[in-house]
Amino acid sequence: NENGEVDAAPESNESEYLSPVTVGGQSLNLDFDTGSADFWMFSSSMPLSQSQGHSTFNASKSSTWSVYKGASWEISYGDGSSASGTVGFDTVDIGGATVTSQAVELATGVSGSFTSDVNNDGLVGLGFSSINTIQPQQQKTFFENIMDDLEQPVFTADLEDNATGSYNFGTIDPSEYTGDIHFTAVDKSNGFWEFASDTYTVGGNKSQCQTCSPAIADTGTSLVLVDDDVAAAYYGQVSSAVYDSSQGGYTYNCTESLPTFGIAIGSDYTATLQGADITFAQIDSQTCFGGIQGNSGGGIQIMGDILLKQFFAVFDGGNETFGVAEK
Ligand SMILES: O=C(CN1CCCCC1)Nc1ccc2c(c1)OCO2
């Protein structure tokens, strides 16, 4: 089988997790993103002004590289960032799991937030290829390419709080979790690991959300972005909380103890966050920025790293299910 395991190292501000990937013999640190489906890297064919500080992939130095003539890609993410470029095929090795002809996208241009995030050399999209942006023909993700060669058609994410975790392809390692894994059915029609999430709890009190948008498991997003009425209900229980449009979200006094927050993972499990695990950043001597924020009516609830790092997450491409376990 083709199983593989790599570290997932948190960036300094825990805004993302980076993992070593070898492409055509060249190693880069990439952001594994279950919320998108493009595999792209900073490349030697970018202006230095954009790639300064990054590792770049140099196709001319890879003996296994082949160009996908006439193909291109262009992606924009929910946070407004974007990237675009050209396409080829090469051998990709992630912790021993190897795909010999993976569609690999080389950036010729990226937006400012990618340039300034110098530890991030690109992304491994682990969503579904129906949202891959390669033209004229969409290409499969690394996981879709390798799934049938794995011991089990799964990958797992053990993201940690201020510590290095791991991504595992092909096995569910029992040493990485405790108790049961609570699975729910995934609807892949929007290209995401999407599932129903109709209830939430604040301080242990259960409520039904008014709109109840479906949720996605998104390792590439830092925060938990819930329906706006859910965010308002949560921060309504935090006495110093205000919505600060200059910060783009709810802030509160760092000394205030926060209530727990639970979100339904399908219909029979609620993933509960402790108040102490909900703050995302301290923005000045007294003020903190919450890790739970509204989705501005976006129509999907995004379960990002603030939640995922408190659990062991299983992405099952065989059953098309998503599961979490305590750890
Ligand atoms: O854009 C992302 C994640 N994205 C992953 C790839 C790197 C750049 C950041 N998440 C996101 C998704 C929806 C959003 C949002 C952010 O802000 C408002 O709505």
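It should be noted that the structure appears before, not after, this text.
Owing to the predicted nature of the structure, the values given are computational and were not obtained by experimental measurement.

(A) Geometry of unusual backbone geometry. Going from Gln 135 to Pro 136, the amide bond is cis rather than trans, its omega being 10 degrees. Relative to the elements of secondary structure, Pro 136 occurs in the loop between strand S8 (122-125) and helix H3 (142-146). Positive phi, normally seen in glycine, also occurs at Cys 212, with a value near 50 degrees. Relative to the helices and strands, Cys 212 is located in the loop between strand S14 (205-208) and strand S15 (215-217). Although it is not a glycine, Glu 320 adopts a positive phi angle of roughly 55 degrees. With respect to the helices, strands and loops of the structure, Glu 320 is situated in the loop between strand S25 (312-316) and strand S26 (321-326).

(B) Quick peek at the state of the cysteines. Enumeration according to the criterion identifies 2 disulfides in this entry. The disulfide that involves Cys 254 links it to Cys 288, with 2.1 Å between the sulfurs. In this structure the cystine formed by Cys 254 and Cys 288 twists about its S-S bond by roughly 110 degrees; its chirality is therefore right-handed. Of this pair, Cys 254 sits in the loop between strand S18 (249-253) and strand S19 (261-264) while Cys 288 sits in strand S22 (residues 287-290), and the two are 34 residues apart along the sequence.

(C) Spatial organisation of the side chain of Glu 194. Checked against the element boundaries, Glu 194 lands in strand S12 (residues 194-195). For the buried Glu 194, no salt bridge is present, and the opposite-charge side chain at shortest range is Lys 188, 13 Å distant. Looking at Glu 194, its side chain comes within polar contact range of the side chain of Asn 190, at 3.0 Å. Contacts of Glu 194, omitting those with residues within four sequence positions, involve Ala 185, Val 186, Asp 187, Pro 214, Ala 215 and Ile 216.

Each value, and the rule that gives it
- Residues numbered from 1 in each chain as written.
- Predicted model: local features only at pLDDT ≥ 70, side-chain atom pairs only at ≥ 80, totals over all residues.
- Heavy atoms only, no water.
- Helix = DSSP H or I, 4+ residues; strand = E, 2+ residues; numbered from the N terminus.
- Disulfide = S-S within 2.5 Å.
- Buried < 20%, exposed > 50% of the residue type's maximum accessible area, 1.4 Å probe, protein only.
- Lys, Arg positive; Asp, Glu negative; His and termini not counted.
- Salt bridge = Lys/Arg side-chain N within 4 Å of Asp/Glu carboxyl O.
- Polar contact = N/O pair within 3.5 Å; in protein donor to acceptor, adjacent residues only side chain to side chain.
- Contact = heavy atoms within 4.5 Å.

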